[in-house]
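Here's the letter readout for the chains.
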Amino acid sequence: MSTRYAVILAAGKGTRMKSKLYKVLHQVCGKPMIRHVVDEIGQARFSKVFVIVGHGAEDVRSCVRNDADCILQKEQLGTAHAVLQASEQLGGLDGTTIVLYGDTPLITHETVEKLIDFQEKEHAAAAVLTARLEDPAGYGRIIRSATGSLEKIVEDKDATDEEKKVKEINTGIYSFNNRLLFKLLSKVGNNNAQGEYYLPDVIGLLVKASEKVLAYPTERFEETVGVNDRVQLAAAEKYMRMRINRKHMEQGVTLIDPETTYLSAECSIGGDTIIYPGTVIKGDTNIGSGCVIGPHTEITNCTIGSDTQIDQSVLEDSWIGDDVQIGPFAHIRPLSRIHNQAKIGNFVEVKKSEVGERSKASHLTYLGDATLGADVNMGCGTITVNYDGKNKFATIIGDGAFIGCNANLVAPVTIGTGAFVAAGSTITESVNADALAIARSRQTNKENYALKLNYRTNN
Ligand code: UD1
Ligand code: CA
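The structure displayed is predicted, hence computed values, not measured ones. (Residues numbered from 1 in each chain as written. Chains lettered and ligands numbered in written order. Predicted model: local features only at pLDDT ≥ 70, side-chain atom pairs only at ≥ 80, totals over all residues. Heavy atoms only, no water.)

1. Some thoughts on the packing of helix 7 (residues 178–185) against helix 8 (residues 201–208)
Helix-helix packing is characterised by the crossing angle of the two axes and by the distance between the axes. Put simply, the test is: To get an axis, fit a line to the C-alpha atoms, keeping to the stretch in contact for a helix; angles then go from 0 to 180 degrees between the N-to-C directions. Elements are defined by DSSP. Helices are runs of H or I of four residues or more, strands are runs of E of two residues or more, and each kind is numbered from the N terminus. Roughly parallel covers angles under 35 degrees, roughly antiparallel covers those over 145, roughly perpendicular covers 65 to 115, and oblique covers all other angles. Any two residues whose heavy atoms approach within 4.5 Å at even a single point are treated as in contact. Residue classes follow a fixed rule: Ala, Val, Leu, Ile, Met, Phe, Trp, Tyr, Cys and Pro count as nonpolar, while Asp, Glu, Lys and Arg count as charged, and any other residue, Gly among them, counts as polar.
In the contact formed by helix 7 and helix 8, the axes pass within 10 Å of each other and the chain directions differ by 100°. Relative to helix 8, the element helix 7 is oriented roughly perpendicular. Counted together, L180, L181, L184 and L185 of helix 7 and V202, L205 and L206 of helix 8 form the full contact between these two elements. Taken together, the residues of the contact of helix 7 with helix 8 break down into seven nonpolar, no polar and no charged.

2. So, the site of ligand 1
Where we set the bar: For this description, a residue counts as near a given molecule or strand if any of its non-hydrogen atoms is within 4 Å of it. Residues adjacent in sequence count toward polar contacts only when both atoms are side-chain atoms; beyond that, a polar contact is any pair of N or O atoms within 3.5 Å, and within protein one must be able to donate a hydrogen and the other to accept it. Note that accessible areas follow from Shrake-Rupley with a 1.4 Å probe, and for residues the cover is restricted to the protein chains shown.
Taken together, 23 residues lie near ligand 1, and Q73, T79, Y101, E155 and N170 sit nearest. Within the backbone of G78, an N or O atom sits 2.9 Å from an oxygen atom of ligand 1. Note that an oxygen atom of ligand 1 is positioned 2.7 Å from one of the side-chain N or O atoms of Y101. Burial of ligand 1 by the protein chains amounts to 92% of its free accessible area of 750 Å².

3. A word on the sheet that holds strand 18 (residues 292–293)
The strands making up a sheet associate through hydrogen bonds between their backbones, and the pairing can be parallel or antiparallel. Our working rule: For two strands to be treated as a pair, DSSP must find no fewer than two bridges joining them.
Taken in spatial order, the 11 strands line up as 12-15-18-21-24-27-30-33-36-39-41 in an open sheet, and their pairing is parallel. Looking along the sheet, the strands with just one partner apiece sit at the ends: strand 12 (254–255) and strand 41 (436–437). As judged from the two bridges shared by strand 21 (residues 309–310) and strand 24 (residues 325–326), these two strands associate in the parallel manner. Its bridge partner lying in strand 24, I310 is registered against I326.

4. Focus: the domain arrangement of the protein
Selection rule: All domain edges in this entry derive from an automatic or database-based domain assignment. When two parts are put together, the accessible area they lose, computed with a 1.4 Å probe and summed over both, is reported as buried area.
Looking at the protein, the domain boundaries give domain 1 (4–224) and domain 2 (247–437). A separation of 48 Å is found between the C-alpha centroids of domain 1 and domain 2. The partner domain 2 presents four residues to the four residues of domain 1 that form the contact. For the pair domain 1 and domain 2, the summed buried surface comes to about 220 Å²; carbon and sulfur atoms form 60% of the total. On the domain 1 side of the contact with domain 2, C29, G30 and K31 bury the most area, a combined 91% of that side's loss. For the side of domain 1 that touches domain 2, the residue count by class is one nonpolar, two polar and one charged.

5. What about the coordination of the calcium ion (ligand 2)?
The cut-off we apply is this: Any N, O or S atom lying within 2.8 Å of the metal counts as a donor, and for Na, K and Ca the limit rises to 3.2 Å; water is left out, so some sites can look incomplete.
All of the protein donors around the calcium ion (ligand 2) are D103 (OD) and N228 (OD1); their distances to the metal are 2.3 to 2.4 Å. With D103 in the loop between strand 6 (96–101) and helix 5 (109–121) and N228 in the loop between strand 11 (213–217) and helix 9 (230–250), this pair connects stretches of sequence that are 125 residues apart.

6. Quick notes on the nonpolar core
Defined as follows: What makes a nonpolar core is a set of buried Ala, Val, Leu, Ile, Met, Phe, Trp, Tyr and Cys residues whose side-chain atoms join them at distances within 4.5 Å. When a residue's accessible area, from a 1.4 Å probe over protein chains only, is under 20% of the maximum for its type it is buried; when over 50% it is exposed; and in between it is partly exposed.
Core analysis: the largest hydrophobic core is formed by 60 residues, its most contacted members being I344 and I415. Taken together, the elements giving at least two residues each to this core come down to helix 9, strand 32 (370–372) and strand 38 (413–415). By residue number, the principal contributor to this core is helix 9, which donates four residues. Of the domains in this structure, domain 1 (4–224) and domain 2 (247–437) are the two that each give at least three residues to this core. One finds V7, I142, L181 and L184 within the second-largest nonpolar core, a separate group that totals 34 residues.

7. Here we look at the pairing of strand 30 (residues 360–363)
Of the pairings in the sheet, the one linking strand 27 (residues 343–346) to strand 30 comprises three bridges and is parallel in character. Across the sheet, the residue bridging to I344 is A361, located in strand 30. In terms of strand pairing, strand 30 meets strand 33 (residues 377–378) through two bridges, oriented parallel. Within strand 33, the position partnered with K360 by the bridge is N377.

8. Points about the side chain of S359
Residue placement: S359 occurs in the loop between strand 29 (354–355) and strand 30. The exposure class of S359 is buried, given its relative accessible area of 0%. For S359, the contacting residues outside a window of four places in its chain are A342, K343, G373, A374, D375 and V376.

9. Focus on unusual backbone geometry
Here the bond from G294 into P295 is cis, since omega is 5°, no more than 30 degrees from zero. The linkage connecting G327 with the following residue, P328, adopts the cis geometry, with an omega of 0°. When you line up the elements, P328 lands in the loop between strand 24 and strand 25 (331–332). One non-glycine residue with positive phi stands out, namely D369, at about 55°. Note on placement: D369 falls in the loop between strand 31 (366–368) and strand 32. On the accessibility criterion, D369 (11% relative accessible area) is buried.

10. Quick look at the sheet that holds strand 29
Sheet architecture is open: nine strands sit in the order 14-17-20-23-26-29-32-35-38, paired in parallel fashion. If you trace the sheet from one side to the other, it starts and ends with strand 14 (268–269) and strand 38, each paired once.

11. Remarks on the packing of aromatic side chains
What counts is decided by this rule: Geometry of aromatic contacts follows a simple scheme: Phe, Tyr and Trp rings, the Trp one being its six-membered ring, pair when their centres are within 6.5 Å, and the pair is stacked under 30 degrees between planes, edge-to-face over 60, tilted otherwise. Lysine NZ or arginine CZ positioned within 6 Å of the ring centre and within 35 degrees of the ring normal marks a charge as sitting over the ring.
Throughout the structure, instances matching the rule amount to five aromatic pairs. Pairing F402 with F420 gives two aromatic rings, centres 4.7 Å apart and planes at 10°, and the pair type is stacked. Remark: F420 occurs in strand 39 (residues 420–421) and F402 occurs in strand 36 (residues 402–403); sequence separation between them is 18 residues. By relative accessible area, which is 33% here, F402 ends up partly exposed. With relative accessibility at 37%, the residue F420 sits in the partly exposed group. Above the face of the W319 ring, R337 is positioned so that its terminal group lies 4.6 Å from the ring centre. A cation sits over an aromatic face here: K446 above Y449, 5.7 Å from the ring centre.

Shown next as structure tokens:
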């Protein structure tokens, strides 16, 4: 096997996206397109991977991190010009160079490796991955000679009516003999409809130089979709979603309706977890086994244990233990930790709070900056009053404490272990362990007074 290099082009602005965000940073299933390509390439054996950056260079660089070497293309004069920027690093080296575009997020390393193996086995100067599309509009067309051999690639904008009818397209993924690639790159001109230096022209030049150049049609044409606008972005998203969903199903996760289940590219889910429709799992979320999630649930960057149930709720940047029940209609905000067997019920909001094992806030509660021990019971309508308009204050509640319905705990305040707060109390002072706190005015009943109010209607 020869030494293998990869060059990923990602310098274009992506005018057709009509966006402030540079094209390759647009996300597919929650991951920037360029990261999809870099991650896939990372799974193949390349000695060096280069990314050509230009528009948004700094943002693209930080997205690529240390997983490839970035090379700046100051002016974007075309895809051939982009590859030429790597001549200092690659020009004159023996080996094979794969070139692909950062706006092709669905490509897999298997397909890329097949292409290289094919080119090397055939001892070809280059091999182009091609696909047959019902609607080839926008893509470069593969022009073959009368005998069927590859002759050249013609861009959509330069194609004659006859050439436009060709359904075999250039996917933009090529495997080159590295020396020949750099030898011919500098010979590419820009006398075409867009006044750009086209990388596909290298193919025609190699053919003219009597080098062996082959087309390698892929069966998996869906992988090669290039994203130039939002319509193609949505198509890529849909395809990637089904790929991710299939992977999880194959690994033992039940998706009641894969069509309406949105799982991020990075998330992990344990076996026998069941996901109901309308569930969106975002970012770096890890879910254990045997959970029931959804319907209509949004989870972002959370770690969730096993056997936990989350129904119609929103969770962000939090840690949830095993056998926890959340929802329906709960909101778990960042930096919360909900321990094993706890229960967060309907219309409960938890913010930056810790809820101990088996503790319950079953209905209509707000927990902000609170730390609850184990076996705490938060009655219906309880509120930790954590904000005075300027600062946030903490509430600490000991193991086994019982907070009656509609109590306000005005922070900073500590409720001791096993303490009992009477319903309707507004607690402004800490309560010792095992004490009872009542903070409300006594009730007065005035007999027959209601008759005097004469509020009843005359029926
Ligand atoms: C390109 C191919 C076309 C192919 C299609 C497949 C050329 C001229 N055409 O067309 O044959 O069918 O991809 O999707 O290559 N880029 C740079 N620097 C530049 C110009 C572009 O880095 O100066 C990058 C872009 O960021 C993008 C990629 O190269 O990631 C492709 O450029 P784009 O303008 O999208 O080419 P297409 O018109 O799609
Ligand atoms: Ca493109």
